[in-house]
Amino acid sequence: DDGSVVLKNAFVAARISADGRLTSLVDLNRQDRELVPKGASGNVLELFDDQPIYWDAWDIELYSQEKVRPVLGATIAVVNEGPLVATIEVNTKVGKASSIRQWISLSAHSPRLDFDCDVDWHENRKCLKAAFTWDIHSDVATYETQFGVVQRPTHRNTTWDMAKFEVCAHRFADLSEYGYGVALLNDSKYGYSTLANTMTLTLLRSPKAPDANCDMGRHSFKYAVYPHAGSFNESDVVREAYHFNVALSHLPVDLATANLAALQSFFALDNAPNVVLDSVKAAEDDSRDIVVRLYETYGGHARATLSTSLRVSAAHTANLLEEVDDVALELVQAVAPARGSSVVLNFRPFEIVTVRFTAN
């Protein structure tokens, strides 16, 4: 009756209001837990005055947080009703000369709610943010950094805390309490802010120095909301953020001629859900060696088995310059031929481990 639309699958039910805001997000598998507090919303677009004292294109000042107005006047329409993906299109006028089109989507297989954005941006010293308020309480929020995470306070009780009003992050920020949390994922936006239970993602800025046309024009980017059981350390947020940033590539296969039994992964990682295989590359010294880099993601210990289907004769750990250690890793021939050989690796919290394989 109020013009809102509900996206629902087996995991969550999300209500989008007539002005494009997330007014309800219910976890259907957690006793119908409502994640949006009464009277609050998510996907609230906010336009800030953004005039730093110096360094237009680099600085964001704390006082700009007080010069904000919500972006109003959106229209919504249902453009896809499933069964695999349901999508709502939201069109919003922003500022004097800009507009944003969003496609809010929920797939059949995941609790993740995606926001795919196309923006025509022509503002002058303005900053556009998207804010989400959750029924979750924590003194800290967790932000991804290279090969790990950092935590920052969600309050501004001291001058040190106040100075962290805008936090750099890579693929996600997470707000978790005991037993539950929500992650705000992104594919190309790296400025976050979390105050109390409101998480904000900086989408666009419009500085005028040193380039008067900086960031003007069309922008395409995505962000997503990912609710999860357990605290951040018990979640699969890191994995989901990778999935969101590195989408599957679809290639055609001729089933009449393809040898499907021969299709296999070159590398596999087992027994350590807190370890990520981040990089596979050729060695920099023009040898035929293959370098694999892994890291521990949550701040704990791990013992992982790294397997490869490639024909290799030796394996060594190496430093970041790919210089090998004197002691070789024990290379074990797997029982399953598809797995080839494997090595066992031990990890300390947030440790980066580089393995160099010598090819046959």
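Here, the structure is the one placed above.
All values derive from a computational prediction rather than experimental measurement. (Residues numbered from 1 in each chain as written. Predicted model: local features only at pLDDT ≥ 70, side-chain atom pairs only at ≥ 80, totals over all residues. Heavy atoms only, no water.)

Asks: Got a sec to walk through the pairing of strand 12 (residues 140–145)? Specific residues and values, please.
Replies: Judged from the six bridges that link them, strand 12 and strand 13 (residues 148–153) form a sheet pairing that is antiparallel. Note on strand 13: the bridge partner recorded for glutamate 144 is valine 149. Between strand 12 and the antiparallel strand that follows it, strand 13, lie two residues; phenylalanine 147 among them carries a positive phi value of about 60°. As defined by bridge partners, strand 12 adjoins strand 15 (residues 172–177) across two bridges and the pair is classed as antiparallel. Paired with threonine 142 across the bridge in strand 15 is aspartate 174. (Pairing = 2+ DSSP bridges. Helix = DSSP H or I, 4+ residues; strand = E, 2+ residues; numbered from the N terminus.)

Asks: Got a sec to walk through the sheet that holds strand 24 (residues 312–318)? Specific residues and values, please.
Replies: The five strands are arranged 21-22-28-24-25 in an open sheet whose pairing can be described as antiparallel. What marks the edges here is a single partner per strand, and that holds for strand 21 (275–282) and strand 25 (324–328). Averaged over all adjacent pairs, the angle separating strand axes in this sheet is 30°, with direction ignored. Across seven bridges, strand 21 lies against strand 22 (residues 290–296) in antiparallel orientation. Residue pairing across strands places alanine 282 opposite isoleucine 290, the latter belonging to strand 22. (Axes fitted to C-alpha atoms, helices over the stretch in contact; angles between N-to-C directions.)

Asks: How would you summarise the pattern of salt bridges if you had to cite specific residues and measurements?
Replies: Per the stated rule, a full pass over the model turns up 15 salt bridges. The closest approach of N and O atoms between aspartate 49 and lysine 126, which form a salt bridge, is 2.4 Å. Remark: lysine 126 occurs in strand 11 (residues 126–133) and aspartate 49 occurs in strand 5 (residues 44–49); sequence separation between them is 77 residues. Arginine 348 is the salt-bridge partner of glutamate 351, the closest N and O atoms lying 3.6 Å from each other. For arginine 348, a relative accessible area of 51% corresponds to the exposed category. Here the salt bridges do not stand alone but share partners, grouping Arg112, Asp114 and Glu240 into one network. (Salt bridge = Lys/Arg side-chain N within 4 Å of Asp/Glu carboxyl O. Buried < 20%, exposed > 50% of the residue type's maximum accessible area, 1.4 Å probe, protein only.)

Asks: Break down the sheet that holds strand 15 for me, with residues and values.
Replies: Pairing within the open sheet is antiparallel, and its nine strands lie in the order 7-8-9-10-19-16-15-12-13. Two strands close off the open sheet at either side, each with one partner strand: strand 7 (75–81) and strand 13. Neighbour-to-neighbour, the strand axes of this sheet turn through a mean angle of 20°, independent of strand direction.

Asks: Describe in detail the side chain of histidine 228, supporting the description with residues and values.
Replies: Note on placement: histidine 228 falls in strand 19 (residues 217–229). Here aspartate 174 takes part through its side chain, which lies 2.7 Å from a polar atom of the side chain of histidine 228. With residues near it in sequence (within four places) discarded, histidine 228 still touches Asp174, Ser176, Tyr180, Gly181, Val182, Ala183, Ser235 and Val237. (Polar contact = N/O pair within 3.5 Å; in protein donor to acceptor, adjacent residues only side chain to side chain. Contact = heavy atoms within 4.5 Å.)

Asks: I'd like a rundown of the nonpolar core, residues and numbers included.
Replies: The biggest cluster of nonpolar side chains holds 48 residues, and the ones touching the most others in it are Leu25, Leu113, Leu128, Phe132, Trp134, Tyr223 and Val225. Here this core gets five residues from one element, more than from any other, and that element is strand 10 (residues 113–121). For phenylalanine 132, the residues in contact, after removing those within four places along its chain, are Leu22, Ser41, Gly42, Asn43, Phe115, Leu184, Asn197, Thr198, Met199, Tyr223 and Val225. (Core = buried A, V, L, I, M, F, W, Y, C linked by side-chain atoms within 4.5 Å.)

Asks: Describe helix 2 (residues 237–245), naming the residues involved and giving the relevant values.
Replies: Each α-helix turn comprises 3.6 residues. Residues three or four places apart therefore point the same way. Every buried residue belonging to helix 2 is among Val237, Val238, Glu240, Ala241, Tyr242 and Phe244, and all of these are buried. Turning to helix 2, the residues buried within the fold contact strand 10, strand 15, strand 16 (180–186), strand 19, strand 21 and strand 22.

Asks: Talk me through the layout of surface pockets; I want residue IDs and the actual numbers.
Replies: Roughly 1300 Å³ of volume is contained in the largest pocket. Around the largest pocket sit 37 residues that line it, and Arg239, Tyr242, His243, Phe244 and Val246 are the ones nearest its centre. Listing elements by their share of the lining of the largest pocket, those giving two or more residues are strand 9 (98–107), strand 10, helix 2 and strand 21. Of all the elements, helix 2 adds the most residues to the lining of the largest pocket, at seven residues. Looking at the lining of the largest pocket, its residues break down into 16 nonpolar, twelve polar and nine charged. Estimates place the volume of the second largest pocket at around 300 Å³. Along the wall of the second largest pocket there are 17 residues; nearest its centre are Ala57, Thr202, Leu204, Arg205 and Asp215. Per-element tally for the lining of the second largest pocket: the top contributor is strand 18 (residues 198–205), with four residues. Its residues placed into classes, the lining of the second largest pocket shows eight nonpolar, four polar and five charged. (1 Å grid on protein atoms, 1.4 Å probe; cavity = no way out; pocket = protein on both sides within 12 Å on 5 of 7 lines; lining within 4 Å. Points joined across faces, edges and corners; volume = space filled by probe spheres on them. Nonpolar A, V, L, I, M, F, W, Y, C, P; charged D, E, K, R; others polar.)

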